[in-house]
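# An overview of the molecular structure
Chain by chain, the residues:
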Amino acid sequence: MQSLQDKASEWSGVAAADAFAIDGCNIFEALGGTPQPFVDLSTNFYTRVYEDEEEWFRDIFAGSKKEDAIQNQYEFLIQRMGGPPLFSERRGHPALIGRHRAFPVTHRAAERWLHHMQQALDTTESIDADSKAKMMNFFRHTAYFLVAGLETTRQHSHGCRGTACKHGASKPAE
Ligand code: HEM
């Protein structure tokens, strides 16, 4: 059976090695070792999401306050990209598939999410070009990992515990 990782690679067009190139360096430290670039990126991203002209996509986020969504995302990104484990300290294990179960994470939604993230990265000056490229590969792969994971768990309705996953893995600060 094709693994979720394989599906994510096939659907996203990003090989696992490229998706997890973020682990070959410490992006948090490379960007100066402060939360600011991640706060900038998540604020930029969610401002686009909450103002999206496509109502069907905007509506997916209607149950969350923008400020909370921004904080959840930048704390996750800081933790995942080599910084302190802020997300897990406040929210627990990332468990990305489980946390997205309530939302319609379809191929179309993934492409819209990635469209906003690409634009947010393109307009965030506190992140260098090499880090942006690595982050975007991670985002593309993770978005399709979520699509594949949610399709699979919905088909079999047995939850996703035990699914091997590096997307939410916490990388401790060095
Ligand atoms: C939270 C949708 C992709 C990481 C959320 C929320 C929604 C959502 C509606 C709730 C907002 C909040 O209250 O924080 C989607 C959709 C995606 C997608 C439609 C399309 C594929 C991703 C990707 C990542 C990600 C690619 C990681 C790289 C997170 C995290 C949270 C979150 C960390 C916060 C969870 C929490 O604190 O409970 N997402 N997401 N999402 N998403 Fe996504």
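Right above here is the structure, for reference.
Residues numbered from 1 in each chain as written. Predicted model: local features only at pLDDT ≥ 70, side-chain atom pairs only at ≥ 80, totals over all residues. Heavy atoms only, no water.

Attention now moves to helix 6 (residues 66-80). Here helix 6 contains 15 residues, and its C-alpha end-to-end distance of 21 Å stays within 8% of the 21 Å for a straight helix at 1.5 Å per residue. Taken residue by residue, helix 6 has A69, I70, Q73, Y74, E75, F76, L77, I78, Q79 and R80 as its buried positions. (Helix = DSSP H or I, 4+ residues; strand = E, 2+ residues; numbered from the N terminus. Expected span 1.5 Å × (residues − 1). Buried < 20%, exposed > 50% of the residue type's maximum accessible area, 1.4 Å probe, protein only.)

Inspection of the entire model under this criterion finds six salt bridges. Across the pair R112 and E54 runs a salt bridge, and its minimum N-O distance is 3.9 Å. Pair noted here: R112 is in helix 9 (residues 107-122) and E54 is in the loop between helix 4 (36-50) and helix 5 (55-60), with a separation of 58 residues, a long-range link. Overall, R112 belongs to the buried group, its relative accessible area being 16%. (Salt bridge = Lys/Arg side-chain N within 4 Å of Asp/Glu carboxyl O.)

Close contact between helix 4 and helix 9 brings their axes to 9 Å; oriented N to C, the two are set at 135 degrees. The orientation of helix 4 relative to helix 9 falls into the category oblique. In this structure, helix 4 meets helix 9 at a crossing whose hand is right-handed. For the pair formed by helix 4 and helix 9, the contact residues are L41, N44, F45, R48 and V49 on the first element and W113, H116, M117, Q119, A120 and L121 on the second. Of the residues contributing to the contact of helix 4 with helix 9, the split by class is seven nonpolar, three polar and one charged. (Axes fitted to C-alpha atoms, helices over the stretch in contact; angles between N-to-C directions. Parallel < 35°, antiparallel > 145°, perpendicular 65-115°, else oblique. Left-handed = near helix turned anticlockwise from the far one by under 90°. Contact = heavy atoms within 4.5 Å. Nonpolar A, V, L, I, M, F, W, Y, C, P; charged D, E, K, R; others polar.)

Quick look at the coordination of the iron atom of the ligand now. Of all protein atoms, just one serves as a donor to the iron atom of the ligand, and that atom is H100 (NE2), at 2.1 Å. Mapped onto the secondary structure, H100 falls in the loop between helix 8 (96-99) and helix 9. (Donors = N, O, S within 2.8 Å, 3.2 Å for Na, K, Ca; no water.)

Moving on, we get to the packing of aromatic side chains. For any two aromatic rings, the description comes down to two numbers: the centre-to-centre distance and the angle of the planes. Enumeration according to the criterion identifies 12 aromatic pairs in this entry. For the ring pair F45 and W113, a centre distance of 4.8 Å and an interplane angle of 55 degrees mean the geometry is tilted. Taken as a pair, F45 in helix 4 and W113 in helix 9 lie far apart in primary sequence, 68 residues in all. By relative accessible area, F45 is classed as buried at 0%. On the basis of relative accessible area, W113 is assigned to the partly exposed category, the value being 21%. Here F76 and F87 contribute two aromatic rings whose centre-to-centre distance is 6.0 Å and whose plane-to-plane angle is 85 degrees, an arrangement assigned as edge-to-face. Placement of the pair is F76 in helix 6 and F87 in helix 7 (residues 86-91), with a sequence separation of 11 residues. Of the two residues examined, F76 and F87, each falls in the buried class. Just above the ring of W56 sits the side chain of R108; from NZ or CZ to the centre is 3.9 Å. (Phe/Tyr/Trp six-rings, centres within 6.5 Å; stacked < 30°, edge-to-face > 60°. Lys NZ or Arg CZ within 6 Å of the ring centre and 35° of its normal.)

What follows concerns the site of the ligand. With respect to spatial proximity, 20 residues lie near the ligand, and among them S64, N72, R91, R99 and H100 are the closest. Between the ligand and S64, the relevant distance is 2.7 Å, taken from an oxygen atom to a side-chain nitrogen or oxygen of the residue. Taking a 2 Å distance to the grid points as the criterion, the majority of the atoms of the ligand fall inside the largest pocket. Broken down by secondary-structure element, the contributors of at least two residues to the shell around the ligand are helix 6, helix 7, helix 8, helix 9 and helix 10 (129-156). Looking at the shell around the ligand, the element that brings in the most residues is helix 10, giving five residues. (Near = heavy atom within 4 Å. Polar contact = N/O pair within 3.5 Å; in protein donor to acceptor, adjacent residues only side chain to side chain. 1 Å grid on protein atoms, 1.4 Å probe; cavity = no way out; pocket = protein on both sides within 12 Å on 5 of 7 lines; lining within 4 Å. Sits in = over half its atoms within 2 Å of the grid points.)

Counting through the fold element by element, T43 comes out in helix 4. Note: C-alpha distance between T43 and L121 (78 residues apart in sequence) is 11 Å.

The subject of this paragraph is the nonpolar core. In terms of nonpolar packing, the biggest core is built from 46 residues, with F38, L41, M81, M135 and F139 touching the most fellow members. Those elements giving two or more residues to this core turn out to be helix 1 (4-12), helix 3 (27-30), helix 4, helix 5, helix 6, helix 8, helix 9 and helix 10. Counting residues per element, this core draws most heavily on helix 10, at 11 residues. (Core = buried A, V, L, I, M, F, W, Y, C linked by side-chain atoms within 4.5 Å.)

Keep in mind that these numbers describe shape and distance, not what the molecule does.
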